[in-house]
Amino acid sequence: MSEYEQQEPERQPTLAEQLSQNAGQRVSQRADGSIDVLASIGGVRGVLEAILPGFIFVLVFAFSSELSWALIASIAVGAVFMVLRLLGKSTVMQAAVGMVGILICAFAARTTGEAKDYYVPGFYIGAAYLLALLISIFVRWPLVGVLFGFIRNEGVRWREDPSRVRRYQLATWVLAGVFILRLAVQLPMYFADEVVALGISRALMGVPLYAAGLYLGWMISKPAPQPLQGEAGPAK
C-alpha cells in the first residue's frame, strides 16, 4: 500500500465547530488564559465608539431641545471615529457597523420627529439577541458555550458533559439577564418620554453592562479544576 493510500483524509470541522471557532475568535484572552473583557469589546476605542454617539445625542438634545442638532452631532461623532481609524490604518469594521447603527437610529428619530425614537432600533436589536439566547438555552445549545467553547479548546465537546451544559446554560442566562434588565429599565422611560434619562441609561447599560455579563458568564462556566496526576483519591 502506498504512503498516499495510508493517509487518512483530513477531518473537516462540523458547522457547529465552525460557528464556535468564529465566535471564539472574537473573544480575547490574557496570557494566563483568563478572558480579557476590555479587548473583547474593542478596547477603550471600541467602548468610546459604542457610547459617545448616543451620549452626545442626548447631551445636545438636553441643552438645545433641537432634534436636528442632536442628530447631526451624533452622526459627526461616528464619522470622526471612522476617519481616525482610516488615518491610523486600522480596521474600520467596528466603526463602520457603529456608523450604520447611528444612521438607522437617526432615520428612526427623523421619521417620527421624536427624539426618543432614536433609541427604538436598539430595543429591537436587544429583543432579537434576547430571543436568540433564550432559544439556545431551551434547545440545549447555549450560545455562551458556542462562544467560549473554542477558546477553551472544548469546541462543542462540552455538550457531551451534562454538567458543562448546565454551566453554559447558567452563563447564557446571565447574558440574557443583561438584555432583560435593559428592556425592563429603558422601556418605561421610553413610554414616559424621559429622553435624557433614557439616553443616560442606554450609555451606562450598554457596553459596560454587557462586559460585566460577559465576564460573569466566563467565571460561571469555568471548567472544574482537574485533579493532579498521582493525587491520592479520598480515603475509603
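Quick look at the structure, then.

Analysis parameters
Residues numbered from 1 in each chain as written. Predicted model: local features only at pLDDT ≥ 70, side-chain atom pairs only at ≥ 80, totals over all residues. Heavy atoms only, no water. Phe/Tyr/Trp six-rings, centres within 6.5 Å; stacked < 30°, edge-to-face > 60°. Helix = DSSP H or I, 4+ residues; strand = E, 2+ residues; numbered from the N terminus. Buried < 20%, exposed > 50% of the residue type's maximum accessible area, 1.4 Å probe, protein only. Lys NZ or Arg CZ within 6 Å of the ring centre and 35° of its normal. Expected span 1.5 Å × (residues − 1). Arc of directions from axis to C-beta.

Let's shift gears to the packing of aromatic side chains. For any pair of aromatic rings, the description rests on two quantities: the centre-to-centre distance and the angle between the ring planes. For the coordinates displayed, the defined rule picks out eleven aromatic pairs. Between the aromatic rings of Phe 57 and Phe 61, the centroid separation amounts to 6.5 Å while the plane-to-plane angle is 10°, which identifies the pairing as stacked. Here Phe 61 and Phe 57 lie together in helix H4 (residues 43-64), a separation of four residues that amounts to about one turn. Residue class for Phe 61 comes out buried when judged on its relative accessible area of 18%. Judged by centre distance (6.0 Å) and plane angle (80°), the rings of Phe 57 and Tyr 119 are edge-to-face. Placement of Phe 57 in helix H4 and of Tyr 119 in the loop between helix H6 (93-112) and helix H7 (120-138) is noted, with a sequence separation of 62 residues between them. Assessed through its relative accessible area of 0%, Phe 57 is described here as buried. Assessed through its relative accessible area of 2%, Tyr 119 is described here as buried. Grouped by ring-pair contacts, the aromatic residues Phe 57, Phe 61, Tyr 118 and Tyr 119 constitute a single cluster. A cation sits over an aromatic face here: Arg 152 above Trp 218, 4.0 Å from the ring centre.

Helix length check: helix H5 (residues 67-87) (21 residues) gives 30 Å between terminal C-alpha atoms against 30 Å at 1.5 Å per residue, within 8%. Taken as a whole, H5 has its buried residues at Leu 67, Ala 70, Leu 71, Ala 73, Ser 74, Val 77, Gly 78, Phe 81 and Arg 85. All buried residues of H5 fall inside an arc of 165° around its axis, so they share one side. Residues of H5 that are exposed and point over 90 degrees away from its buried face: Trp 69, Leu 86 and Leu 87.

Read these as geometric descriptors, not functional statements.
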